[in-house]
Structures are given as structure tokens and as C-alpha cells.
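Coordinate analysis (summary)
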Amino acid sequence: MLIIRRRGWEIPESQATPEHVFFSRRTLIGGAASLAVASALPASALSQRIADLPDPTADLYPAKRNEKYVLDGTLTPEKNSTNYNNFYEYGTDKYVAGRAQALRTRPWTVKFDGMVEKEKTVAIDDLIRAMPLEERLYRHRCVEAWSMAVPWSGFAMAKLVEYAKPLAGAKYVRMETFLDPAMAPEQNKPFFPWPYIEGLTMAEATNELAFMVTGLYGKPVHKQNGAPLRVVLPWKYGFKSIKSIVRFEFTDKRPKGTWEVLQAREYGFWANVNPEVHHPRWSQASEEDIGTRERRPTVIFNGYGPYVADLYKGLEGEKLFV
Ligand SMILES: Nc1nc2c(c(=O)[nH]1)N[C@H]1C(S)=C(S)[C@@H](COP(=O)(O)O)O[C@H]1N2
Ligand SMILES: [Mo]
């Protein structure tokens, strides 16, 4: 059961939730187009049965914690971080946990294509078992000015890039979430240019902090948190940390993320956390912890500057903090 209650940071939601604003605007613009997208087939009985089996990688958790990544605050309780989410495939509110159980995470394949030595598609369990799993405690800062700190399990994104074997000319990785209105009926709605897309430079993707998540709180990752595979980029606003990924495309062209497509003035490619660069509609100076509900000052690069500031040397002319 979900307990729905309004919290401090939601009060100014009509102003502070970017999505809210587009939602109404784009629904008006795209109303008729919605019909075109609504062609979902029901899940086959077989894949339903596979989906109901226990997670085939459950034996891999808990993964050994990597003690290098330490927090300066308290860990967010599981009940908070798994019941207050952004996952637009299941609705634009924060209480998507129940609805997200419709996500079928097996069978699931991940495709690597574009500028790679050889295009390939791998079953998620083979990919997870090919990677060295570890646990890391990371902070997470949403552009909406809420934050949390959780124990993710997974593997360095650098390992995934190595596995993909990109060509030397690849400059970016473009990541794509599943597109399947049968298991995410919100994808029938036209307000969003589905599927959800995000992108990184190769230097960002191979920075030691970029982490592919397969687990959370010592278990396979919850559906509402982006099962079976998502990325986390703790120095960037949360919208960059794309969930439920099915494709990694390597390219020499800078990918446009979903939010940049929707509103480039408010959500850019870089989206690094900075308390001094405010969102056009609200301050980024502080954030509210969804566990303790305390407000704390926001820190540049969400506190991860020593790991990532060098990535942005020479790029001062870019909108690094939008
Ligand atoms: N596919 C997909 N990925 C997504 C989102 C989404 O709506 N769809 N929301 C993003 C945003 S805005 C945030 S803050 C984080 C939230 O992750 P959490 O629910 O695990 O806290 O996921 C990001 N990844
Ligand atoms: Mo977010």
C-alpha cells in the first residue's frame, strides 16, 4: 500500500515541477496524435509466466560494498526512496510504485549499436553475470530540488563501455528506455516524445562515478527505481539517470535527451548540479531530503567535484549547469 501525503517540497509543485507545466501544454498541442500511438498488443502468456518467476540474479545480492564512496549524511530509508519516484512511463506524479509493477523485466535484452566494432544484443542476465557487481552509497539530486542517498548495486559504466567495444570515433553514448505501451500505458499519451532518451560524452560515461544499477538495498533493483538496468550519475541532476534501458548507441553526434527536446532553456545536455545556477522557475540553492525531510544546502557537482570537475575544463562557454 502506498501512503499518499503531501510533503514540503511538493507544495509549490505547480511552479516547481517542470513537467507539470508541459504536461498541460503538450496535451493541448498533441491531443489528436495520441490515437496514433495506441496500438499495444497484450503480453503473451509465456512472457507473463517468465515475468512472474523470481529474479534470476537474486543470488548476486547483496554485492560487496565499495567503501570508497562515502556519504556526508544519512542513508534514505527504503520506504522513502521506493515510494517517491520520477518514472513518467507510469505517471507524472511521484506515487508510481504500484503502477510500475506492470513493468516486465524478463525477458529483457540490451542492444549495443551505432559506432561499435560489432552490433550486439545481450540478454540482461548474461550481461549482469558478465560484470563485477559492487555496492556504492551515492547521493541523488533531482532538478526539482529534492534529494536522497541510497545503496545502489551494479557495475562501473566504464565496464559496460568496454563490453560494447565502441569505435575510436565515437564521442557520445545515447541511451534509450523501453518503448512498450502494453506495459506502460502512459506511453500511449502524446505529452512526451517516447521513449525516454539520455546521453553522455564518452569521458563522462567512463568516469569512475558513472554507475550501471542492477540492485538497490542489497536486492535486485525495484521496478519503480528503473529495473532491470539504469544508470546513475550522482553529479548530475536526476533526469540524466535514465531508467530501464534497452539500448546504448555510440555516436559522434551529441544526443538530445528527452527533457532537452521538451524545453532546452530549462534542461540541457550537461545538467551538472550547481547551487548558483537556478532553474528559470525556482532556486537550486538548497534541497529537501526525502528521508529526513530536512533542507540542506546544495553543493556544486552534488559534492562530487573532486571526481568530475576536470571533465568540464575548457568547456566554460557551454551551459554546464542547465
Ligand atoms: N525512463 C525514465 N528514466 C528516468 C525518469 C523517467 O521518468 N523515465 N525520471 C528521471 C528523474 S527526473 C529522476 S529524479 C530519477 C528518479 O529516480 P528514482 O525514482 O530512482 O529516485 O530518474 C530519472 N530517470
Ligand atoms: Mo528528477
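Quick look at the structure, then. Per chain, the residues get numbers from 1 upward, laid out in the order the sequence is written. Key to labels: chains lettered from A, ligands numbered from 1, both in the order written. Given that this is a predicted model, residues contribute local features only at a pLDDT of at least 70 and side-chain atom pairs are listed and counted only at 80 or more, while totals for whole chains, interfaces and linings are drawn from all residues. The basis for the side-chain values is all heavy atoms of the structure; hydrogens and waters are excluded.

As for the overall build of the protein chain
Secondary structure counts use DSSP, requiring at least four H or I residues in a row for a helix and at least two E residues in a row for a strand, with both numbered from the N terminus. Broken down by element type, the protein chain carries ten helices and twelve strands. Should any heavy atoms of two residues lie within 4.5 Å, those residues are counted as being in contact. Pairs at least 24 residues apart make up 74% of the contacts formed inside the protein chain by residues separated by at least 6 positions. Accessible surface, the protein chain: about 14200 Å² in total, of which carbon and sulfur atoms supply 57%. Per-residue and other accessible areas were derived by the Shrake-Rupley procedure at a 1.4 Å probe size, with only the shown protein chains allowed to occlude residues.

Digging into the site of ligand 1
A cutoff of 4 Å decides nearness: a residue is near a molecule or strand if any of its heavy atoms lies inside that distance of it. In the vicinity of ligand 1, 18 residues are found, and the nearest of them are Asn-85, Tyr-88, Glu-89, Arg-230 and Lys-243. Between Asn-86 and ligand 1, the recorded distance is 3.3 Å, taken from a backbone N or O atom to a nitrogen atom. Under this definition, polar contacts are N or O atom pairs within 3.5 Å; protein pairs additionally need one hydrogen-donor-capable and one acceptor-capable atom, and for neighbouring residues in sequence, both atoms have to be side-chain atoms. Within the side chain of Asn-225, one N or O atom sits 2.9 Å away from an oxygen atom of ligand 1. Summarising the interface, the protein chains cover 100% of the accessible area of ligand 1, which totals 530 Å² for the free molecule. Grouping the amino acids of the shell around ligand 1 by side-chain chemistry returns eight nonpolar, seven polar and three charged. Ten residue types, Ala, Val, Leu, Ile, Met, Phe, Trp, Tyr, Cys and Pro, are classed as nonpolar, four, Asp, Glu, Lys and Arg, as charged, and the remainder, Gly among them, as polar.

Observations regarding the sheet that holds strand 2 (residues 120–123)
Taken together, the five strands give an open sheet; going across it, the order is 2-1-10-5-6, and neighbouring strands pair in mixed fashion. A strand with exactly one partner marks an edge of an open sheet, and here the two such strands are strand 2 and strand 6 (197–201). Pairwise comparison of adjacent strand axes, ignoring direction, gives a mean angle of 20° for this sheet. On top of the sheet, helix 7 (residues 157–164) reaches strand 1 (109–114), strand 2, strand 5 (172–177), strand 6 and strand 10 (245–251); it is set at about 70° to strand 10, its chief contact. Strand pairing follows a simple DSSP-based rule, namely that at least 2 bridges must link the two strands. Axes here mean lines fitted to C-alpha atoms, for a helix over just the part in contact, with angles spanning 0 to 180 degrees between N-to-C directions.

Side note on the pairing of strand 2
Bridge count for strand 1 against strand 2 is four bridges, and the pairing is antiparallel. Residue pairing for strand 2: Thr-109 is matched across the bridge by Ala-123. Turn length for the strand 1-strand 2 hairpin, with the two strands adjacent in sequence and antiparallel, is five residues.

Digging into the environment of Glu-318
Structurally, Glu-318 can be placed in the segment after helix 10 (305–308). If sequence neighbours within four positions are ignored, Glu-318 has contacts with Arg-254 and Trp-270. Within the structure, the side chain of Glu-318 is placed 2.9 Å from the side chain of Trp-270, a separation counted as a polar contact.

With respect to the pairing of strand 5
Regular strands place side chains that alternate from one sheet face to the opposite one. Burial of strand 5 is extensive: five of the six residues sit out of reach of the surface. Relative to strand 6, strand 5 is paired through five bridges, and the arrangement is antiparallel. When the sheet's bridge partners are listed, Met-175 is paired in strand 6 with Glu-198. Only protein chains enter the calculation, and the probe is 1.4 Å; a residue is then buried if its accessible area is under 20% of its type maximum, exposed if over 50%, and partly exposed in between.

With respect to the nonpolar core
One broad rule of soluble globular proteins: the nonpolar side chains tend to lie buried together. Residue types Ala, Val, Leu, Ile, Met, Phe, Trp, Tyr and Cys, when buried and joined through side-chain atoms within 4.5 Å, form a set referred to as a nonpolar core. With 82 residues, the main nonpolar core has Met-157, Phe-248 and Phe-250 as its most contacted residues. In terms of residues, this core owes the most to one element, strand 4 (residues 146–156), which gives five residues. With residues up to four places along the chain from it excluded, the contact list for Phe-250 reads Phe-112, Asp-113, Gly-114, Met-115, Val-116, Val-161, Ala-164, Pro-166, Ala-170, Tyr-172, Val-173 and Met-202.

Description of the packing of aromatic side chains
We call Phe, Tyr and Trp rings a pair once their centres come within 6.5 Å, taking the six-membered ring for Trp, and we label the pair stacked below 30 degrees between planes, edge-to-face above 60, and tilted otherwise. Under the criterion given, the structure shown has 25 aromatic pairs. Geometrically, the ring pair formed by Phe-87 and Tyr-90 is edge-to-face, given 5.2 Å between the ring centres and 75° between the ring planes. For the pair Phe-301 and Phe-321, a centre-to-centre distance of 5.7 Å together with 55° between the ring planes defines the contact as tilted. Taken as a pair, Phe-301 in the loop between strand 12 (295–297) and helix 10 and Phe-321 in the segment after helix 10 lie far apart in primary sequence, 20 residues in all. One aromatic cluster in this structure is built from Tyr-88, Phe-191, Phe-192, Trp-194, Tyr-196, Phe-239, Trp-259 and Tyr-267. The rule for a charge over a ring is simple: NZ of Lys or CZ of Arg within 6 Å of the ring centre, and within 35 degrees of the ring normal. The ring of Tyr-304 is capped by Arg-139, whose NZ or CZ atom sits 4.6 Å from the centre of that ring.

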